[in-house]
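# Secondary and tertiary structure notes
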Amino acid sequence: MRSDVEYSPVGEGLGMRDFWLYVWLRRASVIAAHVTGLGLTLIISLLSRPGTSLFSWHPVCMSVAYCLCMTEGILLFSAEGSPFCFKSRKGKVRLHWFCQALVLIASATGLGFMVASKNVSERPHLVTWHSLLGICTLATTVLQAACGICMIFPKLLRLSSSLPKLKLYHATCGLVVYLLATATVVLAMFSDWFQATVKGIAWWAFLLLPFFPALVVMNQITNAYLPRKKLTS
């Protein structure tokens, strides 16, 4: 006889040894994502030599915004390896707001430095794939922030009945924004500035690094919000 439909939790069906290995691997991957995001931000900031030109502040601001703040703003909800695991759900949500506010501030500042640098050097705007995708990333970041504001004030905006769906849309759109940001960072490594600064095997290592936090973030969001495999008996 068929029983009621249930959703299988992550790791169900594994033996005890395999289960703890699975948990350890997930925790190690989240910690590695934290380290990768911070490491990318620090190294890009050092390579940029901030203060030497208007342009030098652009990669600093953008790496702080997306490699660090956005990564931490998402990973703080992870059950494995989050430095804020001791915080309540409400506390994590507030930290998420703070991180995303920093993303908006840092990215807007980075955009301003890039526009000023282009104007001073009299070079055209939006002529590379990096710049075009960067504008798309900034636009979706603003839209995602607007969606987040709707979640902060659902009663004021009369969206209380749609809050569960709004949370799903917010998480899904957040994943899209993060993947766009990852693609923008990767394209930046094909720029003349970055290829003149980093060469050889180091360049290939930098090219692959942004994909690791993206995979961890994607795994976290899909496990939290997408329907799991249904079990029937």
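Per chain, residues are indexed from 1 in the order of the written sequence. Reporting of local features is limited, given that this is a predicted model, to residues whose pLDDT is at least 70; pairs of side-chain atoms are given and counted only at 80 or more, and all residues count toward the totals for whole chains, interfaces and linings. With hydrogens and water stripped out, all remaining heavy atoms of the structure feed into the side-chain values.

Using the following cut-off: UniProt positions are given in the numbering used here, feature names are shortened, and annotations may be inferred rather than shown by experiment.
Per an unreviewed UniProt entry, the protein chain is named ascorbate ferrireductase (transmembrane), and its organism is Seriola dumerili. UniProt lists a comment for the protein chain under the heading Subcellular location (unreviewed entry), and it reads "Membrane". Listed in UniProt under the heading Cofactor (unreviewed entry), the comment for the protein chain reads: "heme b".

### What to know about the packing of helix α2 (residues 57-75) against helix α4 (residues 129-152)
Formally: Between N-to-C directions, angles cover 0 to 180 degrees, with each direction set by a line fitted to C-alpha atoms, over the stretch in contact for helices. By the criteria applied, helices consist of DSSP H or I runs no shorter than four residues and strands consist of E runs no shorter than two, each listed in order from the N terminus. Note on angle classes: values under 35 degrees are labelled roughly parallel, values over 145 roughly antiparallel, values of 65 to 115 roughly perpendicular, and the remainder oblique. Left-handed describes a crossing in which the near helix is turned anticlockwise from the far one by less than a right angle; the clockwise case is right-handed. Contacts are assigned to residue pairs that have any heavy atoms within 4.5 Å of one another. Under the convention adopted here, Pro, Cys and the residues Ala, Val, Leu, Ile, Met, Phe, Trp and Tyr are nonpolar, Asp, Glu, Lys and Arg are charged, and Gly plus all remaining residues are polar.
Viewed as axis vectors pointing N to C, α2 and α4 meet at an angle of 45 degrees, and their least axial separation amounts to 14 Å. Considering their axes alone, α2 and α4 lie oblique with respect to each other. Seen from above, α2 lies across α4 with left-handed handedness. Note on element contacts: α4 touches α2 through His-130, Thr-137, Leu-138 and Thr-141, opposite His-58, Met-62 and Tyr-66. Grouping the constituent residues of the contact of α2 with α4 by class yields 3 nonpolar, 4 polar and no charged.

### Here's the deal with the packing of aromatic side chains
Each aromatic ring pair is specified by the distance between its two centres and by the angle formed by the two planes. Rules: The pairing test for Phe, Tyr and Trp rings, Trp by its six-membered ring, is centres within 6.5 Å, and the orientation test on the planes gives stacked under 30 degrees, edge-to-face over 60, and tilted for anything in between. Buried residues are those whose accessible area, probed at 1.4 Å on protein chains only, stays under 20% of the maximum for their type, while exposed residues exceed 50% and partly exposed ones sit between those limits.
Scanning all chains against the criterion turns up 6 aromatic pairs. Relative to Trp-193, the ring of Phe-55 has its centre 5.7 Å away and its plane inclined at 70 degrees; by these criteria the two rings are edge-to-face. Taken as a pair, Phe-55 in the loop between α1 (16-48) and α2 and Trp-193 in helix α6 (residues 192-197) lie far apart in primary sequence, 138 residues in all. Judged by relative accessible area, which is 22%, Phe-55 ranks as partly exposed. The class of Trp-193 is partly exposed, set by a relative accessible area of 25%. Seen from their ring centres, Phe-190 and Trp-203 are 5.2 Å apart, and the 85 degrees between their planes marks the pair as edge-to-face. Separated by 13 residues along the polypeptide, Phe-190 in the loop between α5 (163-188) and α6 and Trp-203 in helix α7 (residues 201-208) bring together distant segments of the chain. Classification of Phe-190 as partly exposed rests on a relative accessible area of 43%. Judged by relative accessible area, which is 9%, Trp-203 ranks as buried. These aromatic residues form a ring-pair network of at least three members: Phe-55, Trp-193, Phe-194 and Phe-206.

### Focus on empty space enclosed by the protein
Over the atoms a probe the size of a water molecule is rolled, and this reveals where empty space is left. Heads up, the rule is: Using a grid of 1 Å spacing that covers the protein atoms alone, one calls a set of points a cavity when a 1.4 Å probe fits there but cannot get out, and a pocket when the set is open and has protein on both sides within 12 Å along at least five of seven lines; lining residues are those with an atom within 4 Å of a point. Grid points are joined across faces, edges and corners, and a volume is the space filled by probe spheres set on the points.
This structure, assessed with the given rule, holds 1 cavity of 30 Å³ or more. Those elements that place two or more of their residues in the lining of the largest cavity are α1, α2 and α5. In terms of residue count, the dominant contributor to the lining of the largest cavity is α5 (4 residues). Partitioned by chemical class, the residues of the lining of the largest cavity number 8 nonpolar, 3 polar and no charged.

### Quick look at the environment of Val-216
Note on placement: Val-216 falls in helix α8 (residues 211-225). Once the C-alpha coordinates of Val-216 and Arg-26 are considered, the two residues, 190 residues apart in sequence, prove to be 8.7 Å apart.

### What to know about the side chain of Thr-141
Among the secondary structure elements, Thr-141 is positioned in helix α4. Leave out the neighbours within four places in its chain, and Thr-141 touches Tyr-66, Val-103, Leu-104 and Val-177.

### Remarks on the layout of surface pockets
Here the largest pocket is characterised by a volume of approximately 1,200 Å³. As for the largest pocket, its lining consists of 41 residues, and the residues nearest its centre are Phe-77, Arg-89, His-96, His-170 and Tyr-225. Those elements giving two or more residues to the lining of the largest pocket turn out to be α1, α2, α3 (89-121), α4, α5 and α8. Split by residue class, the lining of the largest pocket holds 24 nonpolar, 12 polar and 5 charged. Approximately 970 Å³ is the volume attributed to the second largest pocket. Around the second largest pocket, the lining comprises 37 residues; the ones closest to its centre are Phe-55, His-58, Met-114, His-130 and Ser-131. Looking at the lining of the second largest pocket, the elements that each hand over two or more residues are α2, α3, α4, α5 and α6. Broken down by element, the lining of the second largest pocket gets its largest block of residues, 7 residues, from α4.

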